[in-house]
Every structure is written in C-alpha cells, then in structure tokens.
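Observations on the model geometry
The chain contents come next:
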Amino acid sequence: MRRRVVITGMGLVTPLGCHVPTVWERLVRGESGIRRISLFDASQFRSQIGGEVSDFYPEQYIPDKEVKRLDRFTQFALVAAIDAVRDAGLDFSKEDPTRCGVIIGSGVGGLREIELQHLRMLDKGPEKVSPYTVPKMMANAASGQVSIHFGLTGPSGAVATACASAANAVADAARSIRHGETDIVITGGSEAAVTPLGLAAFSAMRALSERNDDPPRASRPFDAQRDGFVLSEGAGIVVLEELEHARKRGARIYAELLGFGTTSDATHITQPDKDGVGAARAMALALQDGGVSPEEVGYINAHGTSTPLGDQAETVAIKKVFGDYAKRVSISSTKSQIGHLLGASGGVELIFTVLAIVHGVVPPTINYETPDPECDLDYTPNVARERDISVALSNSFGFGGHNACLLVGKLRNGRA
C-alpha cells in the first residue's frame, strides 16, 4: 500500500493579495489584479501591463537585514512558506528535521538581481558587484532559504521547467513522501520576473498582451480576442504531508493529492503541440495515478494563458482525455484575474483548485466576451459558479514542452 499525501497548509503571494482568504474572496468576485506596471518605467515597451504584487511587507516575517539579502522571488517564497507552515499548525521543533524537505520551483530565479548587478558592473566596474549576487540570483535560493529558516535537513531542491516548475516541484515532493523518504515537504513555486529584461524578452517573442489601454481586461483566456498572456509575479506554497502523520498530530486536511502526470511534447521550444498530445497524456497519467475516471472530475483549473495557440491546444487535449464528458466538466483559467506567474503558476493554481473543492465554488474565467469556435468548452465565463467538486485537475504547461498535471480531491477514508 503506497503512502498517501495530503495538503495541510497553504500560503499565497499574488497580484490579488498576500493572504489566502483575501485572495480567494477577490478571485470568486471576479476581480482583476492586472494594472499598468509601476515597478519601473515601462512606457517604451510593447506591453506595459502586468500582475504586480503590492501590499507586500516581508519585514513582518523576517528581519530587515535578511530581506535585503534575498531577491524578490525568494522573499515571495519565504513569506508564502511561513504562512503555509502557520496554516498547517506545524511546530518543527517537534518534528524530525531529517524527514522534512523543501522543493520549490522557479522558471527564472533571481532575474531582478542579475539585471541590477549587471548595470552596477557596467556603471562602476566589476569590483562593485555585490558578493550576494550569486546567492540571490540562483534558482535554488528559495528552497535553500526556506530550508534554512525552518532548519529542515531532509531533501531540498529546485525545479526549473518554465511554467510547469511549481507543478513539477509538487509532483517531486509527493514522490518523496510516497516513497517513504519524507513525512513533510514544503513545496510550490515562486517567481519575480516583472523586470525590464523579463518584460522586454517576452515582448520580443510577441507572447504578451498589448492591451495597454485596458489592463484589467487584457488577460482573456479562451476568448476569440485574446492576444497573449500578462506577465505576473508571486508565489504559491503548500505543505504536503503523509496522511497518517497528519492525522496523528490532528492536522486540518484540505485535500488529498491523488495523483500527478508529467510528460514532454518534444516538438518545439516555445510552441505547444497543436494536437495536445503531451498535455493530454499528462492529464491521463494523473487520472491513472489517482485511480480516477474522467467522469469523476468536476473541475479543471486550466493552464489557459490567453495565448492563441496555447488555449486552443489545451482545449484539444481536454477533449482527447474526457471525450463527450469534456462538455460537462467545469473549466476556468484563473490567469484571467492574476495573469501568468510563470514558474509559480502551478503552486498558486493548485491552491485555487483545492479551495474550489473546499468551498464548492468554481472561480470564473473573466473577460470571456467573444466565443472562439476552436475553444468550445465550459470555461465558467465571467461569474463564479457553485458546484460540488470531489475531484479536480490543475494543468501547467511550460516552454520546452514540459507538461505537468496535479490531481486533487476530497479525502476518501476508504481509498486504498
């Protein structure tokens, strides 16, 4: 009998807020966190909008001196992790630290620090580059800092699979618990790529929405008028725990991580497979891993980035897996409200998926105004909908052809 994995704690840092209840309330109301960029002057860029994190005060969690030694993406991860651990009611002084791990994904890592120190080197010379540059920019800084903060000496790692990073990290964390290596893993993803270079690079690919005159309506997944994704930042961190370990300490259990599936398109470095073969196989593998039939799934939190090719390919993939039932499953893209958090998106969206199960509410896909004949499923347009959800999928598909799907559900006492 394989060890079962449950979710006992959750923490969020997003463009809609930095506390789980607040973010969920705003999400269900259909609010948008997309605005004109204020972190820097974006007036000369093709795309001038983004999902920025505001009202973020890391000094309330960690000493100001330490904050200055962390890149913004690591600050996000650490704050979300602290909130998730508090939410889980964990006291690590009562745990075996060798049985507790940290696996956090990031598609980009400390891009902000790289840019700042490069400019400093050009302006003042190589001797003026900060000695903290490497520990701030490296993609594993988030997992390392979270491990250090809590004193956890189990497996610690970082996953970098572009927009699938957080979902892959969660899958790796679940494997660690299933195989008996750990009892608790802090996992998810963090990203802070709303920077001049990040914005310029994605704009150069023509991947971003250029609806600069109407930011809240720019991210419009599955809508016929979609013109690209909106670059955003933030973190989504969960506490995964072995079921019996959680029960023994009387933990609140939000949901069970029933299964996961990971695949590769192996077709193009940025474009999805138009036939959705890899994405479909990832969903099918997640269902198989969880012992769940397609008809048991009540909700799919779609990857749904608001790109012409991506949304169409995901629709095709869902139809391949769910057949006629694809028309009856509730689907939504919460990126319509928070934009695309790149490597953090899978962590944030896993939390949204779990909350949909807990509250029996499907969050909406806002800005859905003009149906696309090629995207003809139920995307929960504009208004949240009540639905009793026992099982749900969260999809994450990244550049490089990386596909990762997470299957979660209500805890089943009789499950083998």
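Residues numbered from 1 in each chain as written. Predicted model: local features only at pLDDT ≥ 70, side-chain atom pairs only at ≥ 80, totals over all residues. Heavy atoms only, no water.

**As for helix α4 (residues 111-124)**
In plain terms, the rule: Each helix corresponds to a stretch of at least 4 residues labelled H or I by DSSP, and each strand to a stretch of at least 2 residues labelled E; elements are numbered beginning at the N terminus. Take the residue count of a helix, subtract one, and multiply by 1.5 Å to get its expected span. Only protein chains enter the accessibility calculation, which uses a 1.4 Å probe; a residue whose area is less than 20% of its type maximum is buried, one above 50% is exposed, and one in between is partly exposed. Contacts: residue pairs with any heavy atoms within 4.5 Å of one another.
Helix length check: α4 (14 residues) gives 20 Å between terminal C-alpha atoms against 20 Å at 1.5 Å per residue, within 8%. Taken as a whole, α4 has its buried residues at Leu-111, Glu-113, Glu-115 and Gln-117. Residues of α4 that are buried in the fold lie against α5 (133-137) and α8 (196-204). Looking one or two residues past α4, Gly-125 carries a phi angle of roughly 100°, positive in sign.

**Topic: the pairing of strand β4 (residues 100-105)**
Each regular strand displays side chains that alternate between the two surfaces of the sheet. So the rule is basically this: Pairing between two strands is assigned when DSSP locates at least 2 bridges connecting them.
Of all six residues in β4, six are buried; the element is thus mostly enclosed. Residues Cys-100, Val-102 and Ile-104 point to one face of β4 and Gly-101, Ile-103 and Gly-105 to the other, with burial holding for every one of them. Two elements, β4 and strand β6 (residues 184-191), share six bridges in a ladder whose sense is parallel. Within the sheet, the bridge partner assigned to Gly-105 lies in β6 and is Gly-189. Looking at chain direction, β4 and strand β5 (residues 156-159) are connected through four bridges and run parallel. The residue of β5 that forms the bridge with Val-102 is Ser-156.

**Let's talk about the side chain of Asn-301**
This is how the line gets drawn: Between N or O atoms, a polar contact is any pair within 3.5 Å; within protein, one atom must be a potential hydrogen donor and the other a potential acceptor, and residues adjacent in sequence are included only when both atoms are from side chains.
With respect to the helices and strands, the residue Asn-301 is situated in strand β9 (residues 297-301). Among the polar contacts made by the side chain of Asn-301, one reaches the side chain of Thr-334 at a distance of 3.3 Å. With residues up to four places along the chain from it excluded, the contact list for Asn-301 reads Ser-332, Thr-334, Glu-349, Phe-352, Thr-353, Leu-393, Ser-394 and Asn-395.

**Comments concerning the packing of helix α3 (residues 72-88) against helix α6 (residues 141-150)**
Using the following cut-off: Note on definitions: angles span 0 to 180 degrees between N-to-C directions of axes, and those axes are lines fitted to C-alpha atoms, for helices only across the stretch in contact. Orientation labels follow simple angle bins: below 35 degrees gives roughly parallel, above 145 gives roughly antiparallel, 65 to 115 gives roughly perpendicular, and whatever is left gives oblique. Working rule for handedness: look at the near helix, and if it is turned counterclockwise from the far one by less than a right angle, call the crossing left-handed; if clockwise, right-handed. Ten residue types, Ala, Val, Leu, Ile, Met, Phe, Trp, Tyr, Cys and Pro, are classed as nonpolar, four, Asp, Glu, Lys and Arg, as charged, and the remainder, Gly among them, as polar.
The N-to-C vectors of α3 and α6 enclose an angle of 40°; their axes lie 9 Å apart at closest approach. In this view, α3 runs oblique relative to α6, as classed from their interaxial angle. Between α3 and α6 lies a crossing of right-handed hand. Contacts between α3 and α6 involve Phe-73, Thr-74, Ala-77, Leu-78, Ala-81, Ile-82 and Val-85 on the former and, on the latter, Ala-141, Ala-142, Gln-145, Val-146, His-149 and Phe-150. Within the contact of α3 with α6, the residues separate by chemical class into ten nonpolar, three polar and no charged.

**Section: α6**
Listing the buried residues of α6 in full gives Ala-141, Ala-142, Ser-143, Val-146, Ser-147 and Phe-150. Elements that come into contact with the buried residues of α6 comprise α3, β4, α5, β5 and β6. Positive phi shows up at Gly-151, right after α6, with a value of about 70°.

**Observations regarding the pattern of salt bridges**
Selection rule: Salt bridges are defined by distance alone: a side-chain nitrogen of Lys or Arg within 4 Å of a carboxyl oxygen of Asp or Glu.
The full count for this structure, using the stated rule, is 29 salt bridges. For the salt bridge of Glu-296 with Arg-412, the shortest nitrogen-to-oxygen distance reads 3.2 Å. Taken as a pair, Glu-296 in the loop between α10 (277-290) and β9 and Arg-412 in the segment after β14 (402-409) lie far apart in primary sequence, 116 residues in all. Using a relative accessible area of 32% as the deciding quantity, one classes Glu-296 as partly exposed. The salt bridge involving Lys-319 is made with Asp-376; its shortest N-O contact spans 2.6 Å. Of the two residues, Lys-319 is situated in helix α11 (residues 308-322) and Asp-376 in the loop between β11 (361-362) and β12 (385-386); the sequence distance between them amounts to 57 residues. Owing to a relative accessible area of 30%, Asp-376 belongs among the partly exposed residues under this scheme. Shared partners join several salt bridges into a network, and the residues in it are Asp-214, Arg-217, Arg-220, Asp-223 and Glu-369.

**Here's the deal with the packing of α10 against α11**
The contact between α10 and α11 brings their axes to 8 Å, and the two run at 40°. As far as their axial angle goes, α11 and α10 are oblique. You can see that α10 and α11 cross each other, and the crossing is right-handed. When α10 is examined against α11, the residues Ala-279, Ala-280, Met-283, Ala-284 and Leu-287 are found in contact with a partner set consisting of Ala-317, Ile-318, Lys-320, Val-321 and Phe-322.

**Section: the pairing of strand β8 (residues 255-264)**
Among the ten residues of β8, eight are classified as buried, and the element is accordingly described as predominantly covered. Pairing analysis gives two bridges linking strand β1 (residues 5-13) to β8, with the strands arranged antiparallel. By the bridge assignment, Ile-7 is partnered in β8 with Ala-255. Where β8 lies against β14, eight bridges are found, and the strand directions are antiparallel. Residue pairing across strands places Thr-262 opposite Ala-404, the latter belonging to β14.

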